[in-house]
Amino acid sequence: MMSIKNYVNNLSDEDLKRIYKKMLMIRKCEEHLGEATKNGAFPGAVHLYIGQEAIAVPLCDQLNDSDWISSTHRGHGHFIAKGGDVKKMMAEIYGKSTGICGGKGGSMHVADFKKGIIGANGVVAGGMGLAVGAALASKMDGNGAVSIIFFGDGAANQGVLMEAMNICSLWNLPMIFMCENNQYSEFTHTSEVTSGKIVDRAEPFGIPKYEVDGNNAVDVWQAAYQAVQRGRNDEGPSFIEAHTYRQRGHVEFEYTFLSRTYRDQSEVELWKTNDKDPILRLESYFIEHSKYSGDDIEKIQKEVQDEVDDAVKFAIESPEPEISSAMDHMIER
Amino acid sequence: MSKQRMMPAINLALQEEMERDNKVILYGEDAGISLLGQTTGLQENFGKDRVRDTPICENIMTGMAVGAAAAGYRPICHLLYGNFIYTGFDSIANQAAKLKYMTAGQVKLPIVYMAVIGGGRSAAAQHSDIPYPALMNLGGVKVVVPSNSRTAKGLLKSAIRDDNPVFYLTAAGGGRPEEVPDDDNYLIPIGKSEVINQGNDVTIISIGSMTLKALQATKKLNEKGIGVDLIDLLSLVPIDEDTIINSLKKTGRVIIVDEARDICSAASHISAILSDKAFKYLKSPIKRVTVKDVAIPYSPILESHVIPEVADIVNCIEELLELN
Ligand SMILES: Cc1ncc(C[n+]2csc(CCOP(=O)(O)OP(=O)(O)O)c2C)c(N)n1
Ligand SMILES: [Mg+2]
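Rules used throughout
- Residues numbered from 1 in each chain as written.
- Chains lettered and ligands numbered in written order.
- Predicted model: local features only at pLDDT ≥ 70, side-chain atom pairs only at ≥ 80, totals over all residues.
- Heavy atoms only, no water.
- Helix = DSSP H or I, 4+ residues; strand = E, 2+ residues; numbered from the N terminus.
- Rg over C-alpha atoms; globule rule 2.2 N^0.38 Å.
- Buried < 20%, exposed > 50% of the residue type's maximum accessible area, 1.4 Å probe, protein only.
- Contact = heavy atoms within 4.5 Å.
- Areas by Shrake-Rupley, 256 points an atom, 1.4 Å probe, with all protein chains shown as cover.
- Lys, Arg positive; Asp, Glu negative; His and termini not counted.
- Charge placed at Lys NZ, Arg CZ, Asp CG, Glu CD.
- Pairing = 2+ DSSP bridges.
- Axes fitted to C-alpha atoms, helices over the stretch in contact; angles between N-to-C directions.
- Near = heavy atom within 4 Å.
- Nonpolar A, V, L, I, M, F, W, Y, C, P; charged D, E, K, R; others polar.
- Buried area = accessible area lost by both parts, 1.4 Å probe.
- Salt bridge = Lys/Arg side-chain N within 4 Å of Asp/Glu carboxyl O.
- Polar contact = N/O pair within 3.5 Å; in protein donor to acceptor, adjacent residues only side chain to side chain.
- Parallel < 35°, antiparallel > 145°, perpendicular 65-115°, else oblique.
- Left-handed = near helix turned anticlockwise from the far one by under 90°.
- Core = buried A, V, L, I, M, F, W, Y, C linked by side-chain atoms within 4.5 Å.
- Donors = N, O, S within 2.8 Å, 3.2 Å for Na, K, Ca; no water.
- pLDDT = per-residue confidence, 0-100.

Comments concerning the overall build of chain A
When helices and strands are tallied, chain A shows ten helices and eight strands. The globule rule puts the C-alpha radius of gyration for 333 residues at 20 Å, and the 19 Å found for chain A is close to it. Classification of the 333 residues of chain A by burial places 56% in the buried group. When contacts within chain A are restricted to residue pairs at least 6 apart in sequence, long-range pairs at least 24 apart make up 75% of them. On chain A, roughly 13,600 Å² of surface is accessible, and the fraction owed to carbon and sulfur atoms is 50%. A gap of 2 Å separates the mean positions of the 34 positive and 49 negative side-chain charges of chain A.

Quick look at the structure:
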């Protein structure tokens, strides 16, 4: 295991503020989605990222538009963290013409290639090859850009992970494997479908591995810093396993169709407490280690809520897609 | 007889067949708790040995089915959504479909690959495909597509008892609840279709989810005095050629309603069979009502534009009869 060096001095008050704000943005957007879906406010189902914000944000905070990320069915958080437009994401989930994909993709396919967001993905581990390809392109361009695959503990069991690690190590690609271990793969506990430790899978390929508390934004930032620097300096791939917890269902509404429960409510509640929740944890760290105070936090919360409200209003008021657009964008004729 | 919805009927077929034959085993992602309801309670009844939760690993799942079948079991490989057939496609296309043939019949492969298919739920492009055209083209696998709870039960039981790989594909949006016979030997033979409405003016051949829409269209057409012979195809490999040709002989006109994209759809293949074998009975061109050749979009208005609706079926027939 690579030890995670202490780079925390590199994090200024403004860095912390920016990271906190982004994490809150994800949380508030998704709290809205979790509520709105109950009333059928938008068409499809949503897989919420709530509880895992401290993974995408501190990593993406170190990236530029020329870096690439490829993510999962639980992809709103990665999209926002990498600088995706919140209004356009919201409009996409509402299935509107102003959505980032014109209403054609929805929650599971939010993407913005101009911002290096290859996108969410409906196929578990489906984004893996895409990220590797982008890493290959960056390597060939020699531009110092890195490529990140976000994937779950469940996705770690797809064979393509082995293929990806082998080729990235072999070709020394600027790739970061960011495994978000939230303990569940749909409704099955990871331990029931996974042998060994996921992070150890990097070892035989000679890929440096980092294991981190994924609910601690500062720790994630530091591990990510090392991995990003390695990529930028042409030192090859890195593997991070971030331990976290999915506070919401696998998909909203799951108890309307599941025949039984699969985890204790007390377990879920535990992960929402001050000691566990990534946003509450960063909040106390922030107050303790920066010039900012509780009042400033309140101000940030209000700003974020206003921005989310605007995005929702924008989504609701936007027009439906033109029917003719259904026929666009398949293959060039 | 009792009225049942689709998932409970599928579940009952699985319970009965696992009870009947202890070589039947089932595995899939979340098979224990069951995401979609097909496998609810099986693990409690038959144990974690015979009903296994797998990791997410469709490649090995589809290949394992071939090996387990060759070694004497009757595996049911539950792939959740039709799109994940693609994820596990290598062993399906290169092994399951070919191993018996390549080895001159040395091996039997009694496998059921199970998934839900199709759109209509704003699940977007990676959860809404109809993969059967690709499967039909493999040659070495059977493909069945029930349309309601009764055919779902009868076909699944036949699929489990069949000695070939069978794809068992049901509509993700469910299907018509119907009276389902209690008989635990109620089988619907693979390769037989059902004529579910009789009429003399036009034949509709419908597949899976489209059967319900075709029934609704039939009602509308009946009200206008147009008689419809409606065939619920049920099996795509093999296809019940006799029934569709006999119907065409009677009506002289046929449309095929298929939720696959038009290009190389099941509808195109059926159209080819009919023009080969029944050309002289045709009074008008064979028409296909299919999905437009695009990925399935998320927005409901876009999605209902690309997937056939009842009105599309009615319009197609009215045009065919030159009533418009
Ligand atoms: C190839 C494929 N197989 C199965 C599924 C169904 N499915 C969607 S999410 C999921 C679990 C994913 O677990 P994990 O990778 O841990 O991500 P998490 O949901 O915990 O974020 C499964 C099995 C899928 N979308 N794609
Ligand atoms: Mg998980």
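Details of the sheet that holds strand S2 (residues 117–119) of chain A
Residue and element names in this part refer to chain A. Taken together, the six strands give an open sheet; going across it, the order is S2-S1-S3-S4-S8-S7, and neighbouring strands pair in parallel fashion. Of all strands in the sheet, those bounded by a partner on one side alone are S2 and strand S7 (209–213). Across this sheet, the average inter-strand angle for adjacent strands is 20°, counted without regard to direction. Pairing of strand S1 (residues 68–70) with S2 involves two bridges; the strand directions are parallel. Residue isoleucine 69 lies in a different strand from S2, and its bridge partner there is isoleucine 117. The sheet contacts of helix H6 (residues 160–170) involve strand S3 (147–152), strand S4 (175–181) and strand S8 (238–243), and relative to S4 the element is tilted by about 150°.

Examining the site of ligand 1
Taken together, the neighbourhood of ligand 1 is formed by 22 residues, with His73, Arg74, Gly154 and Asn182 of chain A together with Glu58 of chain B sitting nearest. More than one chain reaches ligand 1: its neighbouring residues belong to chains A and B. Within the residue set of the shell around ligand 1, elements represented by two or more residues are strand S5 (184–185) of chain A together with helix H4 (83–87) of chain B. Its residues placed into classes, the shell around ligand 1 shows seven nonpolar, ten polar and five charged.

Some points on the interface of chain A and chain B
Each partner contributes residues to the interface: chain A has 42 residues there, and chain B has 37 residues. Summed over both partners, the interface of chain A with chain B comes to about 2,900 Å²; 62% of that surface belongs to carbon and sulfur atoms. Summed over the shared surface of chain A and chain B, the result is one salt bridge. Linking chain A with chain B are eleven residue pairs in polar contact (both at pLDDT 80 or more), by the criterion used here.

Details of the packing of helix H1 (residues 6–20) of chain B against helix H8 (residues 149–161) of chain B
All names here are of chain B. Closest axis-to-axis distance for the H1/H8 pair is 8 Å, and the angle between their directions is 30°. Our classification of the angle between H1 and H8 gives roughly parallel. For the element pair H1 and H8, the recorded crossing hand is right-handed. Here Met6, Ala9, Ile10, Leu12, Ala13, Leu14, Glu16, Glu17 and Arg20 of H1 come into contact with H8, specifically with Ser149, Ala152, Lys153, Leu156, Lys157, Ile160 and Arg161. In terms of residue class, the contact of H1 with H8 is built from nine nonpolar, one polar and six charged.

So, the nonpolar core
If you look at the biggest cluster of nonpolar residues, it comprises 67 residues, and the most contacted ones within it are Met90, Ile148, Phe150 and Met178 of chain A. In terms of residues, this core owes the most to one element, helix H1 (residues 13–36) of chain A, which gives ten residues. Once residues within four sequence positions are removed from consideration, isoleucine 148 of chain A is found in contact with Leu59, Leu63, Trp68, Ile69, Ser70, Ala131, Ile176 and Met178 of chain A. Counting residues in hydrophobic clusters, the runner-up holds 49 residues, among them Ala115, Leu169, Leu233 and Leu248 of chain B.

A look at the coordination of the magnesium ion (ligand 2)
All names here are of chain A. At this site the magnesium ion (ligand 2) is bound by Asp153 (OD), Asn182 (OD1) and Tyr184 (O), with donor distances of 2.1 to 2.3 Å. Read in sequence order, the donor residues for the magnesium ion (ligand 2) give the motif D-x28-N-x1-Y. On the criterion of sequence distance, the pair formed by aspartate 153 in the loop between S3 and H6 and asparagine 182 in the loop between S4 and S5 is long-range, its members being 29 residues apart. An identical accessibility class is assigned to aspartate 153 and asparagine 182; each is buried.

Some remarks on the packing of H1 of chain A against helix H2 (residues 53–60) of chain A
Between two packed helices, both the angle of their axes relative to each other and the distance between the axes serve to describe the pair. Residues and elements named next belong to chain A. The geometry of H1 relative to H2 is characterised by a closest axis approach of 9 Å and an angle of 135° between their N-to-C directions. By the angle between their axes, H1 is oblique relative to H2. In this structure, H1 meets H2 at a crossing whose hand is right-handed. In contact with Ile19, Lys22, Met23, Ile26 and Arg27 of H1, H2 contributes Glu53, Ala54, Val57 and Pro58. Of the residues that constitute the contact of H1 with H2, the class distribution is six nonpolar, no polar and three charged.

Thoughts on the sheet that holds strand S9 (residues 194–197) of chain B
All names here are of chain B. Here five strands make up an open sheet; going across it, the order is S9-S11-S10-S13-S14 and the pairing mixed. Each having just a single partner strand, S9 and strand S14 (287–291) make up the two edges of the open sheet. Geometrically, the sheet is characterised by an average inter-axis angle of 25° between neighbouring strands, direction not taken into account. Bridge count for strand S13 (residues 254–261) against S14 is four bridges, and the pairing is parallel. Residue pairing for S14: isoleucine 255 is matched across the bridge by lysine 287. Against the sheet, helix H11 (residues 266–277) contacts strand S10 (202–206), S13 and S14, and its axis sits at roughly 150° relative to S13. Each of S10, S13 and S14 is contacted by helix H13 (residues 310–320), which is oriented at about 145° to S13, the strand it contacts most.

What about the confidence of the model for chain A?
Looking at chain A, pLDDT values average 96 and 99% of them are 70 or higher. Looking at the elements of chain A, mean pLDDT is at its lowest for helix H9 (residues 278–289) of chain A, recorded as 95, and at its highest for S4 of chain A, recorded as 99.

Remarks on the pairing of S3 of chain A
Residues and elements named next belong to chain A. Counting buried positions along S3 gives five out of six residues, so the element sits mostly inside the fold. The pairing of S1 with S3 spans three bridges and is classified as parallel. Bridging from a neighbouring strand, serine 70 pairs with isoleucine 149 of S3. In terms of strand pairing, S3 meets S4 through six bridges, oriented parallel.

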